[in-house]
Amino acid sequence: TLRKDGSPRISGIEVDFVDGELWLGAMWQSRKALDLQRDPRFALHSATADDGEAWRGDAKIAGWVEEVTDPERKRTVQAASGGGAPPGPFHLFRAEVTEVVLVRVGAPPDHLVVESWHEGRGLQQVERR
């Protein structure tokens, strides 16, 4: 998200896919929730898992969000995500994805493969050596 001064705010956030849509949950009145209320653009980067094997790649999803305030809809999404509702109020945002990028090591492992999808451009793949 973007801070008031336009600089990036990088912090963890809970995400879920429910009914084919990406949802972001945030603590009530958290800085991230306030950022998204002010400027709905976001970029979500995957954590790189260290499972003792070679790096398998990273993913980035970007777009914009709309906050869902209807209590019934919030309960429905929360229940479908498999998690119980947090105690007290919380923010829930539905994401509209406009960009997806996957980066991985190619085969043989002498280059990177960047696969991307952008709204209006479609799917592309680039190899970088």
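Let me sum up the structure you'll find in this document. (Residues numbered from 1 in each chain as written. Predicted model: local features only at pLDDT ≥ 70, side-chain atom pairs only at ≥ 80, totals over all residues. Heavy atoms only, no water.)

### Points about the pattern of salt bridges
At step 1: Going through the model one piece at a time under the given rule, you end up with 12 salt bridges.
At step 2: With its nearest N and O atoms 2.5 Å apart, the salt bridge here joins Arg9 to Asp35. Of this pair, Arg9 sits in the segment before β1 (14-18) while Asp35 is found in helix α1 (residues 31-38), placing the two residues 26 residues apart along the sequence. The burial state of Arg9 is the same as that of Asp35; both residues are buried.
At step 3: As a salt-bridge pair, Arg38 and Asp35 come within 3.2 Å of each other at their nearest N and O atoms. Here Arg38 and its partner Asp35 are both found in helix α1, 3 residues apart, which amounts to about one turn of the helix.
At step 4: Bridged by salt links that share partners, the residues Glu21, Glu66, Arg73, Arg94 and Glu96 form one connected network. (Salt bridge = Lys/Arg side-chain N within 4 Å of Asp/Glu carboxyl O. Helix = DSSP H or I, 4+ residues; strand = E, 2+ residues; numbered from the N terminus. Buried < 20%, exposed > 50% of the residue type's maximum accessible area, 1.4 Å probe, protein only.)

### What about the side chain of Asp35?
At step 1: The exposure class assigned to Asp35 is buried, which follows from its relative accessible area of 2%.
At step 2: Those residues in contact with Asp35 that lie beyond four places of it in its chain are Thr1, Leu2, Arg3 and Arg9. (Contact = heavy atoms within 4.5 Å.)

### Overview of the packing of aromatic side chains
At step 1: The tally for this structure, following the rule as stated, stands at 0 aromatic pairs.
At step 2: Positioned above the aromatic ring of Phe90, the side-chain terminus of Lys74 is 4.4 Å from the ring centre. (Phe/Tyr/Trp six-rings, centres within 6.5 Å; stacked < 30°, edge-to-face > 60°. Lys NZ or Arg CZ within 6 Å of the ring centre and 35° of its normal.)

### So, the nonpolar core
At step 1: Leu22, Leu24, Ala26, Ala33, Leu36, Phe42, Leu44, Ile61, Val65, Phe93 and Ala95 together form the largest nonpolar core, which totals 11 residues.
At step 2: Contributions of two or more residues to this core are made by β2 (21-27), α1, β3 (41-45), β4 (58-68) and β5 (90-105).
At step 3: The biggest single contributor to this core is β2, with 3 residues.
At step 4: Apart from residues lying up to four places away in sequence, Phe42 is in contact with Leu22, Leu36, Ile61, Ala62, Gly63, Trp64, Val65, Ala95 and Glu96.
At step 5: Counting residues in each nonpolar core, the second largest holds 6 residues, with Val18, Trp23, Val68 and Phe90 among its members. (Core = buried A, V, L, I, M, F, W, Y, C linked by side-chain atoms within 4.5 Å.)

This is a description of form; function is not addressed.
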